[in-house]
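Working through the structure, step by step
Residue strings, one per chain:
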Amino acid sequence: MFEPDLTKENAIKFSRFDEDNALSTCSRHPIVLEDKNWLTAEHYYSASIVMSSYLRANIEKAESGLKAAKMADPWYRFKIKNFKKLRAVLMTRALYTKVQMYDEVKDALMATGDQLIIETSLYDYYWGIGRDARGVNQLGLIWMDIRKKLTEQAA
C-alpha cells in the first residue's frame, strides 16, 4: 500500500493575521525600515505595495496589521508596477528585519527546526496553502529561507 505523506500534517502552522504568533506578519513587533518605524511587518508590506501616497499614509497609521492589509487589498488597480514580482522581496525584507530586531521571533523561527512552515489561509493561494492545500505558501517559504540563512550564519 501507499505510505501517507505526513509532511503537511506535522508542519508548523500559523496564520498571517494572528497577532499572538511571532511568525505572523501582524504580530506586535515594530520594525524600522527605509528610515520609518512600522507597527508591524504587515504595515511595511501593505504600504509598500500601493501607489497612492494618501492610501500609503493611512496604511502607516492603521491600528493593526490586519487593518493595514485590508486597506491595501482591494486596491489592486492601484498597486505598484511589477507588484507580483516585488511582493515576495518586500515581505522577505520585512520579516528578515523583524528576525534581526527581536530575539523572541528568531527563537520562535529556529525552534521550528527543519519542519515545513505553513501559512494556513484557506483563501489566499499565494501567501498560504489555500483551501485545497495546493497554494504556493510563499509566506512559509520565506520563513524557511530566513531560517536556512540564519542556520548557515550560525555554523
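This section reports on the structure supplied with the text. (Residues numbered from 1 in each chain as written. Predicted model: local features only at pLDDT ≥ 70, side-chain atom pairs only at ≥ 80, totals over all residues. Heavy atoms only, no water.)

1. A word on the overall build of the chain
- Secondary structure assignment for the chain yields six helices and four strands.
- Starting at the N terminus and walking to the C terminus, you meet the elements of the chain as β-β-β-α-α-α-α-α-β-α.
- Its C-alpha atoms give the chain a radius of gyration of 16 Å, within 12% of the compact-globule value 15 Å for 155 residues.
- Per-residue burial over the chain gives 43% buried out of 155 residues.
- Across the chain, every contact between residues at least 6 apart in sequence was considered, and the portion connecting residues at least 24 apart equals 56%.
- Approximately 9200 Å² of the chain is accessible, and the part contributed by carbon and sulfur atoms is 53%.
- Positive and negative charge centroids in the chain, built from 23 and 21 side chains respectively, lie 9 Å apart. (Helix = DSSP H or I, 4+ residues; strand = E, 2+ residues; numbered from the N terminus. Rg over C-alpha atoms; globule rule 2.2 N^0.38 Å. Buried < 20%, exposed > 50% of the residue type's maximum accessible area, 1.4 Å probe, protein only. Contact = heavy atoms within 4.5 Å. Areas by Shrake-Rupley, 256 points an atom, 1.4 Å probe, with all protein chains shown as cover. Lys, Arg positive; Asp, Glu negative; His and termini not counted. Charge placed at Lys NZ, Arg CZ, Asp CG, Glu CD.)

2. Considering the nonpolar core
- Counting 36 residues, the largest nonpolar core has Leu95, Leu109, Trp143 and Ile146 as its most contacted members.
- At the level of secondary structure, the elements contributing two or more residues to this core comprise strand 2 (31-33), helix 1 (41-48), helix 2 (53-61), helix 3 (65-72), helix 4 (83-101), helix 5 (103-110) and helix 6 (138-154).
- The element that contributes the greatest number of residues to this core is helix 4, accounting for seven residues. (Core = buried A, V, L, I, M, F, W, Y, C linked by side-chain atoms within 4.5 Å.)

3. Things to note about the packing of aromatic side chains
- Tallying each qualifying case throughout the model produces three aromatic pairs.
- On the basis of an interplanar angle of 80° and a centroid distance of 5.5 Å, the ring pair of Trp38 and Tyr44 is categorised as edge-to-face.
- Among the residues examined, Trp38 registers a relative accessible area of 6% and is labelled buried.
- Judged by centre distance (4.8 Å) and plane angle (75°), the ring pair of Tyr126 and Trp127 falls under edge-to-face. (Phe/Tyr/Trp six-rings, centres within 6.5 Å; stacked < 30°, edge-to-face > 60°.)

Function cannot be read off these values alone, since they describe shape.
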